[in-house]
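These are the residues of each chain, in order.
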Amino acid sequence: MNITEYLQNNLVYLDGGMGTLLQEQGLMPGELPERWNLSHPDVITKIHRDYYDAGSNVVSTNTFGANLLKFSHEELKNIIKAAVENARRAAEESAGTQKKWVALDIGPSGRMLAPYGDFDFEDAVSLFAETVKLGVLCGVDLILIETMNDSYETKAALLAAKENSNLPVFVSNAYGSDGKLMTGASPAAMVSLLEGMGADAIGVNCSLGPKALSPIVEEYLKYSSLPVLVKPNAGLPKAVDGKTIYDVSAEEFTDEVCDMIKAGVRICGGCCGTTPDYIASLCRLSGGIMPRPILEKELTMVSSYTHAVVFHQTPVLIGERINPTGKKRFKEALKKNEIDYILKEGIAQQEKGVDILDVNVGLPEIDEVFMLKTAVCQLQAVVDLPLQIDTADPVAMEAALRRYNGKAMINSVNGKKESMDAVFPLVKKYGGLVVALTLDENGIPDTANERVMIAERILAEAAKYGISKKNLIFDPLALTISADDKSGRETLKAVRMIKTLLECHTSLGVSNVSFGLPRRDIINSTFFALALQNGLSAAIMNPYSDDMLKSYYAFLALSGQDKNCSRFIEFAETLPQPESVAVQKTKKTEAEYASELQKNIIKGLKDASGALTKVLLKSENPLDIIQNEIIPALDIVGKGYEEKKVYLPQLLMSAEAAKAAFEVIKESMPESTDANKCTFVLATVQGDIHDIGKNIVKLLLENYGFAVIDLGRDVPPEVIVSEVEKQHAPIAGLSALMTTTVPAMEETIKHLRNKTPWCKIIVGGAVLNPEYAQAIGADFYAKDGMEAVRIADNIYQELN
Amino acid sequence: MNTVFLKSFAPPPVDRLEVLRYAGVKEPSPETEALLDDSLQEAEGVFSYAVCYREFPVSFCDGVCDLSFAKTESKDLFKNLSGSTSVVLFAATVGITLDRLVSRYSKISPARALMLNAIGAERIESLCNAFNQEITKEKKALGLFTTPRFSPGYGDLPLALQKDIFAVLDCPRKIGLTLNESLIMSPTKSVTALIGVTPCDRKNTKDRPCSGCSKADCAFRRTI
């Protein structure tokens, strides 16, 4: 009998600690326990056998760290083969009569995935894939991915397991005392991610004792439609009289775990500090407990690497601004590969209170696959909201879904066969909540009834792939009422019917409804309120529109979803007070604004500097404002910094204020104007993930008129060289903070000298000094950002 | 001495002057003070303070320092540990959330990113101080003394020692701390260090924090 079948009606017992027992047997500090499969097979087999004798159904092979980072391929093969043999032998030798299985144990790699570490996601997938393949070859019965404390790495391991085996996969994460993974994911976020990807059982192990784990287990039981597993530690290790003991006894451990079984846990065992005695006690005392049935929770969820968004009663806001359609500046940013522009749009929408960000970077003239993948990876480094992957290209969709750290929303599928054939396999493989548009080969039907019929067909087709209706959200399509005055009514009716007849969630791109009409905000916000009243679950909307937010918060307050109206009150306080602005405007003359702008930049007041620049632009030439106001202010602060009268944070605040002023001016200038001095390619070298210093240099250079191309951190030499080559950039700036990454800097300089001899190279960073910079072949050393500006200015002067 | 122990800490109080020192500020302007206040408020609840540690016997022979888990010829460490019979090896981190916050502000406000980074530097140092004090107290109760903590990268102690340290402390599993190929730790606000345990008080060494370091031009060097 397969373990997943057995699980339907039975509790499954796992084994307990391995590492702690090996230490007692003489495993030395730093020695790799996996080697003991070969050197001490009898010791390993005996531990496994003791667990089977104690009543374990599943014993995990001694392969926690068995991967190619630690062993050669040859040794890894031998280790896994021996590990599986040891477990099999134990199962045969054990007198226990229970069902017995062998699980391939997979622990974390020990490396942090990019962007916060240097381990690439695909490299992690390949690493786990190799272990999985060897385990499958040796005939294990299931795979246990355990003690994972990072959601992204967990995804990599599960993906590797699914892509390289048909075995059941159990996935267990290690939580901290704050109830989150080390990298921030909540239990609900992990449930959402792992269930979406098709794990067979999920749960928690290690790090804490059973008592401390129980609130986390409760969360799992609340959200999971899969069997939940737990493998707690025997508490924490303590030194008593020179001996190490764990502070939770077998009795206490058993009591706590039995309570979890009563609450619904179906698979249990122990982790660090637990022994066969703990498992024996657990099996003995929990045997009489009736396993609770595993229920489908019907919860529609998406997640980021920190939290899940559950589609309950409160409608979900999806920010629509990361989308080039009809946005000149956004298109330009995409063409110029200005990822930062996209990131700022993401951050700004989050500050406006959206729950999810739609990400659409499709433009005919760019490589959408690359751009969508990059945008998703970079967004998830700075914004912790779940993302909605929005593309018509299935290849781009897969690239983005694969790299997405969580369970994404997917925009979209529709009733056309071609669309469902392309999208549903991706939803099945990577998980996701997919937006289904109610249109098909015949287009968008006029009536609500016909749209609901398409929705039913989509549901049926999804079911063939094993995609349940909780993972579909229908968009019955808002069409412009200026073309057909019945269309608003029909869309609202379809929302209501899908909600009540199909019991499914709905989403709308609200703003299409007003196309072709004046004052679209009025129509949009009212339509939004009506749709909410008809049961709309989510809206793709513009969070910068106060009118839309007014409708939203008023609806929550009026429909009894805002206790004490507190969200509405909070929102109302953020709205501008028109009168006071008007008063201010009449008070001052333009000349006063001029000196005022300088003052504000020097003080570093961002918002005020932007606002003042707007006023000044009414009467002055943009270039005059730059020459007479912004640059003198920057020079005053810069000089103060060099004389050590102004300190770095103040310098940066002024620089940010100046940048805010520049942004306002930029918007007012015709597109063709290029006020920049020259291109400056900037990067933190390969292997180094520090970029605060580099970002400071970037900000200052931009303010002084350089077109900075920021390649980010941990950048390989060939990427830097190819960018300098492509741009024919006269200057490149390289940063390194650690002695260990200076060789990468030297390497980069060598390549630049070879391929781009025209380029002047400025280096900086904590470990460098003028002599060192010269030794590795740089042209200049800059001790700080201001010096980098001076050097770049000199290079520019010489060129012209 | 075969077990890695764990400690988690309540946050030690923030030392504003230290934060400002890490941010490169001697006399803060009112705007800088305001930035610091805002940043401190934002950073509240962001940190998780965790330490794992393990004690090893240490011995010295022909200029080689045998730490049981690794041997090193570092003269500076030799000097630092002289007279010690064992070392407490520890790894400490304040978690990855700050790295995320700094990344986010790098895109929208480098000034705030700088200030948050300085707060992180102050936090991890405070955590190390808190842990160090506890170890010193524990040892004192046994009639023993401790030496000032010493980290890979200080003086001539090679960063490569990090690999050995990570192997014996099981840092990824215990406290979520990882090492990359360039020997940089992630989360970035993390420290690994050695504290020597000696039977006699070495009154002759002034325990000035920067006295053991040869980087005389360091912007952060303490002169008192």
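Just so you know, these numbers come straight off a predicted model, no measurement behind them. (Residues numbered from 1 in each chain as written. Chains lettered and ligands numbered in written order. Predicted model: local features only at pLDDT ≥ 70, side-chain atom pairs only at ≥ 80, totals over all residues. Heavy atoms only, no water.)

(A) Geometry of the interface of chain A and chain B. Facing 58 residues of chain A, the contacting portion of chain B comprises 53 residues. Across the interface of chain A and chain B, roughly 4,600 Å² is buried in total on both sides, 60% from carbon and sulfur atoms. Put simply, chain A and chain B have two salt bridges between them. For K107 of chain B, the salt bridge is made with D340 of chain A, and the minimal N-O distance between the two is 3.3 Å. Our enumeration of links across chain A and chain B arrives at 15 residue pairs in polar contact (both at pLDDT 80 or more). (Contact = heavy atoms within 4.5 Å. Buried area = accessible area lost by both parts, 1.4 Å probe. Salt bridge = Lys/Arg side-chain N within 4 Å of Asp/Glu carboxyl O. Polar contact = N/O pair within 3.5 Å; in protein donor to acceptor, adjacent residues only side chain to side chain.)

(B) Layout of unusual backbone geometry. Residue and element names in this part refer to chain A. Following A114, the chain continues to P115 via a peptide bond in cis, the omega torsion being 10°. Residue placement: P115 occurs in the loop between strand 3 (101-106) and helix 6 (121-137). Following N411, the chain continues into S412 via a peptide bond in cis, with omega recorded as 15°. Looking at the secondary structure, you find S412 in strand 16 (residues 409-414). Even without being glycine, N564 reaches a positive phi, approximately 55°. (Helix = DSSP H or I, 4+ residues; strand = E, 2+ residues; numbered from the N terminus.)

(C) Region of interest: the packing of helix 6 of chain A against helix 7 (residues 151-164) of chain A. All names here are of chain A. Running from amino to carboxyl end, helix 6 crosses helix 7 at an angle of 45°, the nearest separation of the two axes being 8 Å. What the angle tells us is that helix 6 and helix 7 run oblique. Here helix 6 runs over helix 7; the crossing is right-handed. Two secondary-structure elements touch here, helix 6 through F121, A124, V125, F128, A129, V132, K133 and V136 and helix 7 through Y152, E153, K155, A156, A157, L159, A160, A161, E163 and N164. (Axes fitted to C-alpha atoms, helices over the stretch in contact; angles between N-to-C directions. Parallel < 35°, antiparallel > 145°, perpendicular 65-115°, else oblique. Left-handed = near helix turned anticlockwise from the far one by under 90°.)

(D) Local environment of the packing of aromatic side chains. Across all of its chains, the model carries 18 aromatic pairs over all chains by this definition. Ring plane angle 80° and centroid distance 5.2 Å describe the contact between Y552 of chain A and Y553 of chain A, whose orientation is recorded as edge-to-face. Exposure class is identical for Y552 of chain A and Y553 of chain A. Each is buried. Consider the rings of F47 of chain B and Y49 of chain B, whose centres lie 6.1 Å apart with planes at 45°: the pair is tilted. With respect to class, F47 of chain B is no different from Y49 of chain B; both count as buried. Through a chain of ring-to-ring contacts, three or more aromatic side chains come together here, namely F528, Y552, Y553 and F571 of chain A. (Phe/Tyr/Trp six-rings, centres within 6.5 Å; stacked < 30°, edge-to-face > 60°. Buried < 20%, exposed > 50% of the residue type's maximum accessible area, 1.4 Å probe, protein only.)

(E) Local environment of the pairing of strand 1 (residues 5-8) of chain B. Residue and element names in this part refer to chain B. Side chains F5 and K7 of strand 1 all project onto a buried face; the interleaved residues L6 and S8 project onto a face where none is buried. Sheet analysis places strand 1 next to strand 2 (residues 50-57), joined by four bridges and oriented antiparallel. Pairing of K7 across the sheet is with V51, part of strand 2. (Pairing = 2+ DSSP bridges.)

(F) Representation of the domain arrangement of chain A. Residue and element names in this part refer to chain A. Here chain A is described as being made up of domain 1 (3-286), domain 2 (302-574), domain 3 (579-668) and domain 4 (679-799). Here the C-alpha centre of domain 4 lies 29 Å away from the C-alpha centre of domain 3. Listed by partner, the interface residues are 14 residues for domain 3 and nine residues for domain 4. Counting each side, the surface lost to burial between domain 3 and domain 4 is near 1,000 Å², with a carbon and sulfur contribution of 65%. Along the contact surface separating domain 3 from domain 4 lie two salt bridges. Between K659 and E702 there is a salt bridge, with its nearest N and O atoms 3.1 Å apart. In this structure, the connection of domain 3 to domain 4 is made through four residue pairs in polar contact (both at pLDDT 80 or more). Of all the elements in the fold, those that place two or more residues in the side of domain 3 that touches domain 4 are helix 25 (622-642) and helix 26 (648-668). (Domains from an automatic or database assignment.)

(G) Summary view of the sheet that holds strand 4 (residues 142-148) of chain A. All names here are of chain A. In spatial order, the strands read 1-10-7-6-5-4-3-2; together these eight strands make up an open sheet with parallel pairing. In the strand order of this sheet, the two ends are held by strand 1 (12-13) and strand 2 (58-60), each with one partner. As defined by bridge partners, strand 4 adjoins strand 5 (residues 169-173) across four bridges and the pair is classed as parallel. The residue bridging I143 from the neighbouring strand is V169, located in strand 5. Seen against the sheet, helix 4 (residues 41-54) touches strand 2 and strand 3 and runs at an angle of roughly 160° to strand 2. Docked against the sheet, helix 9 (residues 210-223) engages strand 5, strand 6 (201-205) and strand 7 (228-231), running at close to 170° with respect to strand 6.

(H) Structural view of the nonpolar core. Residues and elements named next belong to chain A. Within the largest apolar cluster, 174 residues are counted, with the highest numbers of intra-cluster contacts made by I145, Y220, L379, F424, L472, F474 and F528. A per-element tally of this core places helix 6 first, with eight residues. Counting residues domain by domain, this core receives three or more from each of domain 1 (3-286) and domain 2 (302-574). Excluding anything up to four places from it in sequence, F528 contacts L317, V510, L536, A539, M548, S551 and Y552. A658, A661, F662 and M669 belong to the second-largest nonpolar core, a separate cluster that totals 91 residues. (Core = buried A, V, L, I, M, F, W, Y, C linked by side-chain atoms within 4.5 Å.)

(I) Representation of helix 4 of chain A within the structure. Residues and elements named next belong to chain A. When the terminal C-alpha atoms of helix 4 are compared, their 20 Å separation across 14 residues agrees well with the 20 Å that a helix rising 1.5 Å per residue should span. Buried within helix 4 are the following residues: I44, T45, I47, H48, Y51, Y52 and A54. Of the residues one or two after helix 4, G55 is the one with positive phi, at around 120°. (Expected span 1.5 Å × (residues − 1).)

(J) Spatial organisation of the packing of helix 4 of chain A against helix 5 (residues 73-93) of chain A. Residue and element names in this part refer to chain A. In contact at an axis separation of 8 Å, helix 4 and helix 5 are set at 45° when each is read in the N-to-C sense. Considering the angle they form, helix 4 stands oblique to helix 5. The chirality of how helix 4 crosses helix 5 is right-handed. Here helix 4 contributes P41, D42, I44, T45, H48, R49 and Y52 to the contact with helix 5, which in turn contributes N86, A87, R89, A90, A91 and E93. Classifying every residue of the contact of helix 4 with helix 5 by side-chain character gives six nonpolar, three polar and four charged. (Nonpolar A, V, L, I, M, F, W, Y, C, P; charged D, E, K, R; others polar.)

(K) Inspection of the pairing of strand 5 of chain A at higher detail. All names here are of chain A. Counting buried residues along strand 5, five of its five residues qualify, which places the element largely inside the surrounding structure. The alternating pattern of strand 5 places V169, V171 and N173 on one face and F170 and S172 on the opposite face, and all of these are buried. As for the winding sense of the linkage, the β-α-β connection from strand 4 through helix 7 to strand 5 is right-handed. Read as a crossover between parallel neighbours, the route from strand 5 over helix 8 (residues 187-197) to strand 6 is right-handed. (Right-handed = clockwise from strand over helix to strand, strands pointing away.)

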